[in-house]
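What the coordinates show
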Amino acid sequence: MINTSKGIDWLVEMIRRDQSPDGSWKYPFETGISTDAYMIILLRTLEINDEELIKGLAERIFSKQAKKGTWKLFYDERDGNLTATVESYYALLYSGYYDKNDKRLQAAKKFIISKGGIEEVSMFTRVMLAITGQLKWPSFSPLPIEIILLPLYFPINFYSFSVYGRANLTPMMILTDKKITLKTNRSPDLSDLRVDRDEPDSWIRSEEMRSLISYIEEGVKNLIGFPQHLHKLAIQRAKKYMLDHIEEDGTFYSYYSSTFLMIFALIALGYKKSDPVITAAIEGIRSMKCEINGLPHMQYTTANVWNTSLIGYALQEAGISPGDVMVKKANQYLLKRQHDKFGDWVIHNPTSLPGGWGFSNVNTINPDVDDTTASLRSISRMDASHDDAWNRGINWLLSMQNDDGGWAAFEKNTDTKLFEFLPIEKAEFIITDPSCADITGRTLEFFGNYTNLSRDHQSIKKGVKWLLNHQEWDGSWYGRWGICYIYGTWGAVTGLAAVGVPVKDASIQKTVEWLRRIQNTDGGWGESCYSDSKQSYKPLGSSTLTHTAWALDTLISVSDKPTPEIRKGISYLLKNLQKEDWTTAYPKGQGMAGAFYIHYHSYRYIFPLLAFAHYRKKFEK
């Protein structure tokens, strides 16, 4: 007989131990070494000699180097990752503590040359290399800054980008327009990493891109005013957009990449390095530093609200009382972070009042649907004195449903297909915010299990229809914000079950068969980061705690008794809860397929706790 109590007790104890005094959980939001490398490059370029931080970051970067001298985005990335290796190589040289004769750097250089050299890195890295004088800027801006002036009715306009796209492209457009180059007497020379010495203007690589840019330029020509005046106006508007979206800690939207780019964009516009806006921005990203295994890591953002909302919900599912001090402190923290300001989401959703939650501890203007449902789950058992927060959250959620019936992360109806032709790598991840199965499913799960919304409510019927229409041929669903098909399937199936889609429905049964088929012999499940870029399920070859918990929670939600697959999965979790190896550090989240992966340090506790809680509730009566 399986007994989950021991596992639940251990997880609750670990979580209780890690709670911060303010009620939140500050588990690291770990995203590889890119932000660490960029921090070294930022500090050296601005001649801020924080040697302790630079040394620590360099040590962390070297600690992540693979055997063949490369850096990887995830454990099973076969050869290594060119962009990550260039970033690491550059940062280590710029740190001043290593030189090109270091054997580890020589191995990295060999790999970079074999993969086509420095010119083949990702777009973000190309921009960083151009800022710091290692690559030439394109002869013209790949995206004219005047796009910021185009009216909302024009098929492509500034607000048809996702919020993440606007945050990063705004400073990038200023930088490609101004073509700033900042070198210091410590700047390394990376010219020996170029394979094509002629350095052609390779920022634009297809006729479709040229055609779309011409189309945008035609739209710009129709604006009233002289070109020079319009150009100046566009620069001013881009600058104002950045300054208007700075959070209290000095960061631009509380993202590392957009803040890094904003610092250099402001310098390109004539700001001094010592300007208060720039010094505050540097301190803001410095404050996102965390420590992992005794070494500093620059987080891309903080995940405090996300961690806290999921943990508060999981604890209460596991039977911890809403009156428990740990839960009360968590929910008080969440209530203080409900948004009361209008953000850019209002452009496409002008009839709703604020009421959502954001992801990071300082986020006040960029709420998202996933954090909102997670926070509402956590506060759902509080007394009636918090009804106002509850109602505002639900009204905001309902208002954010896309016209296609699904829910996206940050904005409404921001999914134009024209962006596929823009000269921006990973455009579908950077500048669109489409409906996705994980968020649509989690939203339906919330409405079905935590509200009295009728199952015949139009929003629920439309959401169900969207999900059923987006099931993959094998029975899975693609998860936009996690790895990947197991994650999307967990979100979709638990959502469909919560709003009354019968277990015997063909779509549910197809999913159950798929999960049975991909279960590992040890009873667990594991999925590779290759799934998202290959756009089909790719097994990891090893089981992970988080993937196993997602698969289990899915099966538990649609089973009336503990099947052999569920029993094996629960046994796997109980046996491996305390393990520490590469599978526990493997990314379970993603922001950009093939480029940006996230290791949430909280997930190994949250999702096994949820799976145990739901198993106990259903089968251990």
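Attention in this report is confined to the structure presented alongside it. (Residues numbered from 1 in each chain as written. Predicted model: local features only at pLDDT ≥ 70, side-chain atom pairs only at ≥ 80, totals over all residues. Heavy atoms only, no water.)

1. Comments concerning unusual backbone geometry
With an omega dihedral of -20°, the bond running from I483 to C484 counts as a cis peptide bond. Tracing the chain through its elements places C484 in the loop between α18 (458–469) and α19 (485–498). Positive phi, close to 55°, is recorded for E47, a residue that is not glycine. Mapped onto the secondary structure, E47 falls in the loop between α2 (34–45) and α3 (51–63). The exposure class assigned to E47 is partly exposed, which follows from its relative accessible area of 48%. The residue N413 is not glycine, and still its phi comes out positive at about 55°. Relative to the assigned elements, N413 resides in the loop between α15 (387–399) and α16 (427–430). (Helix = DSSP H or I, 4+ residues; strand = E, 2+ residues; numbered from the N terminus. Buried < 20%, exposed > 50% of the residue type's maximum accessible area, 1.4 Å probe, protein only.)

2. Quick notes on the state of the cysteines
Between two cysteines, a covalent bond joining their sulfur atoms is known as a disulfide. Tallied over the full model, the rule gives zero disulfides. Just so you know, C484 is unpaired, no disulfide at all, and the nearest cysteine sulfur is the one on C529, 8.5 Å from it. (Disulfide = S-S within 2.5 Å.)

3. Thoughts on the side chain of Q471
Tracing the sequence through the fold places Q471 in the loop between α18 and α19. Of the polar contacts made by the side chain of Q471, one reaches the backbone oxygen of S507; its length is 3.0 Å. Setting aside its immediate chain neighbours within four residues, Q471 contacts S476, W477, S507, K510 and T511. (Polar contact = N/O pair within 3.5 Å; in protein donor to acceptor, adjacent residues only side chain to side chain. Contact = heavy atoms within 4.5 Å.)

4. Digging into the nonpolar core
Counting 197 residues, the largest nonpolar core has L175 and L315 as its most contacted members. If you tally residues by element for this core, the top one is helix α24 (residues 603–619), at 11 residues. When residues no more than four places from it in sequence are discounted, the contact partners of L315 are V12, I15, W25, I320, M326, V327 and L609. (Core = buried A, V, L, I, M, F, W, Y, C linked by side-chain atoms within 4.5 Å.)

5. Quick look at the packing of aromatic side chains
Enumeration according to the criterion identifies 45 aromatic pairs in this entry. Seen from their ring centres, F62 and W71 are 6.3 Å apart, and the 35° between their planes marks the pair as tilted. Of the residues examined, F62 reaches a relative accessible area of 10% and is grouped as buried. Connected via pairs of aromatic rings, a cluster forms that spans F29, W306, F359, Y487, W490, W550, Y600, Y603 and F607. R78 extends its terminal NZ or CZ atom over the ring of Y530, reaching a point 4.4 Å from the ring centre. In this structure, R480 packs its charged tip against the face of W481, placed 3.9 Å from the ring centre. (Phe/Tyr/Trp six-rings, centres within 6.5 Å; stacked < 30°, edge-to-face > 60°. Lys NZ or Arg CZ within 6 Å of the ring centre and 35° of its normal.)

6. What about the sheet that holds strand β6 (residues 589–592)?
With antiparallel pairing, three strands are arranged side by side in an open sheet as β1-β7-β6. Where the open sheet ends on each side, the last strands, each with one partner, are β1 (29–30) and β6. Note that β6 and strand β7 (residues 596–600) share three bridges and pair antiparallel. In the strand pairing of β7, G589 is matched with I598. (Pairing = 2+ DSSP bridges.)

7. Details of the pattern of salt bridges
Applying the stated criterion across every chain, the model contains 23 salt bridges. A salt bridge links R44 to E51; the nearest nitrogen and oxygen atoms lie 2.9 Å apart. A salt bridge links R286 to D50, with the nearest nitrogen and oxygen atoms 2.4 Å apart. Within this pair, whereas R286 is found in helix α11 (residues 276–286), its partner D50 is found in the loop between α2 and α3, the two being separated by 236 residues in sequence. Accessibility expressed as a relative area gives 21% for D50, which makes it partly exposed. (Salt bridge = Lys/Arg side-chain N within 4 Å of Asp/Glu carboxyl O.)

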